[in-house]
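One letter stands for each residue in the lines below.
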Amino acid sequence: MNLDTVLSQREKKTLYRDGDKVIKLHNPDYSKADVLNEALNQARMEGTELNVPKIYQVTMIDDQWCMVLEYIEGKTLAELMEENPDKIDEYLDMFIKLQVKIHATKAPLLNKLSDKMQRKIFEADLDSNTRYELLTRLASANKCSQVCHGDFNPSNVILTPDGELFVIDWSHVTQGNASADVARTYLLFCLAGKEDLAKKYLTKFCKEVNIPEQNVQKWLPIVAASQSVKHKPEERDFLLSWVDVVDYE
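Along each chain, residues carry numbers from 1 onward, in the same order as the chain's sequence is written. Per-residue local features of the predicted model are confined to residues with pLDDT of at least 70, and side-chain atom pairs are confined, for both listing and counting, to 80 or more; whole-chain, interface and lining totals are unaffected and use all residues. Values reported for side chains reflect all heavy atoms of the structure, with hydrogen atoms and water molecules removed beforehand.

A. Focus on the overall build of the chain. What counts as a helix is a DSSP run of H or I of at least four residues, what counts as a strand is a run of E of at least two, and both are numbered from the N terminus. Looking only at helices and strands, the chain has ten helices and ten strands in total. For 249 residues, the compact-globule estimate of 2.2 N^0.38 gives 18 Å, and the chain sits close to it at 18 Å. Dimensions of the chain along its principal axes, counting C-alpha atoms only, are 55 × 40 × 35 Å. Three labels apply to residues, based on accessible area from a 1.4 Å probe with only protein chains included: buried if under 20% of the type maximum, exposed if over 50%, partly exposed otherwise in between. Within the chain, the proportion of its 249 residues that are buried is 48%. Of the contacts formed within the chain by residues at least 6 apart in sequence, a portion of 64% connects residues at least 24 apart. Counting rule applied: Lys, Arg positive; Asp, Glu negative; His and chain ends not counted. For the purpose of locating charges, the reference atoms are NZ of Lys, CZ of Arg, CG of Asp and CD of Glu. One way to put it: in the chain the 31 positive side-chain charges average out to a point 4 Å from where the 40 negative ones average out. The size measure is the radius of gyration over C-alpha atoms, and the globule rule it meets is 2.2 Å times the number of residues to the 0.38 power. Only heavy atoms enter the contact rule, under which two residues are in contact if any of them lie within 4.5 Å.

B. How the structure looks around the sheet that holds strand E2 (residues 13-18). Strands sit in the order E1-E2-E3-E5-E4 across an open sheet of five strands; the sheet is antiparallel. Looking at strand neighbours, the two that pair on one side only are strand E1 (5-9) and strand E4 (55-61), the edges of this open sheet. Here the average twist between neighbouring strands, direction ignored, is 25°. When DSSP finds two or more bridges between a pair of strands, those strands are recorded as paired. Where E1 and E2 come together, four bridges link them in antiparallel fashion. Note that in E2 the partner of Thr5 across the bridge is Arg17. Helix axes are fitted to C-alpha atoms over the stretch in contact, other axes to C-alpha atoms as well, and angles between N-to-C directions run from 0 to 180 degrees.

C. Quick look at the layout of surface pockets. Points on a 1 Å grid, built from protein atoms alone, make a cavity when a 1.4 Å probe fits but cannot get out and make a pocket when they are open with protein on both sides within 12 Å along at least 5 of 7 lines; residues with an atom within 4 Å of a point are the lining residues. Grid points are joined across faces, edges and corners, and a volume is the space filled by probe spheres set on the points. Its boundaries defined by the atoms lining it, the largest pocket holds a volume of some 1600 Å³. If you go around the largest pocket, you meet 49 residues; those closest to its centre are Asp151, Ser171, His172, Lys230 and Lys232. For the lining of the largest pocket, the secondary structure elements donating two or more residues are helix H1 (32-46), helix H2 (77-83), helix H4 (113-123), helix H6 (178-191), helix H9 (220-228) and helix H10 (233-243). The element contributing the most residues to the lining of the largest pocket is H6, with five residues. Of the residues that constitute the lining of the largest pocket, the class distribution is 13 nonpolar, 15 polar and 21 charged. In this structure, the second largest pocket encloses a volume near 550 Å³. Ten residues, namely Ala, Val, Leu, Ile, Met, Phe, Trp, Tyr, Cys and Pro, are considered nonpolar, four, namely Asp, Glu, Lys and Arg, are considered charged, and the remaining ones, Gly among them, are considered polar.

D. Seen up close, empty space enclosed by the protein. Tallied over the entire structure, the rule returns one cavity of 30 Å³ or more. By volume, the largest cavity amounts to about 80 Å³. Residue assignment for the lining of the largest cavity shows that the elements contributing at least two residues are H4 and H6. For the lining of the largest cavity, the per-class residue count stands at three nonpolar, four polar and three charged.

Structure follows, in structure tokens:
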């Protein structure tokens, strides 16, 4: 495998391009179970009507787990928004319609979002009262089986030269209540310092699917708590400010 061309580098993984393939190389301490679970998620989403890069192989390079995926030619919506600020609304509408399409997709073998959220609330550094309130809110939420990407942001959507949209990075996908997925996207915009875009996104999304914004806002404390287990110091104060359980009625 050719590891000369770096596409992107993240905290625990590096992506390389090798011809028509992408090699996602994980750090040596990356969990084997997490790599295999991501590969399984990717394979399951390949079987849907969504545009998802094919997974070709899961292997090891010098004691590091890696996945070999199909390379998709194009630019991410994040790159396009940065390059064409006058077209942000156009790209945001495109982004939202794609997320709605993801939520309408069926993938019954995916893990349950509620189980994942419950586990993360127990892992989070919270006092017992806050944890109880979050778990109570989670238990009372509507039970759904919509596909939730779990990390849906413009950097995970590629627009190809012929106008097709591909969704990448399915490591966090689950099935559950789509409002939780929207809440996470909202928080991801905020964590990137794009609060105004976050608000515009939420308003546009809720108008698109004809739901009140409160449906999403109720999930913000739960999603913020689950995000806090990543233990990123620069995110902690912001996330904990959202964990306080507030009624938005």
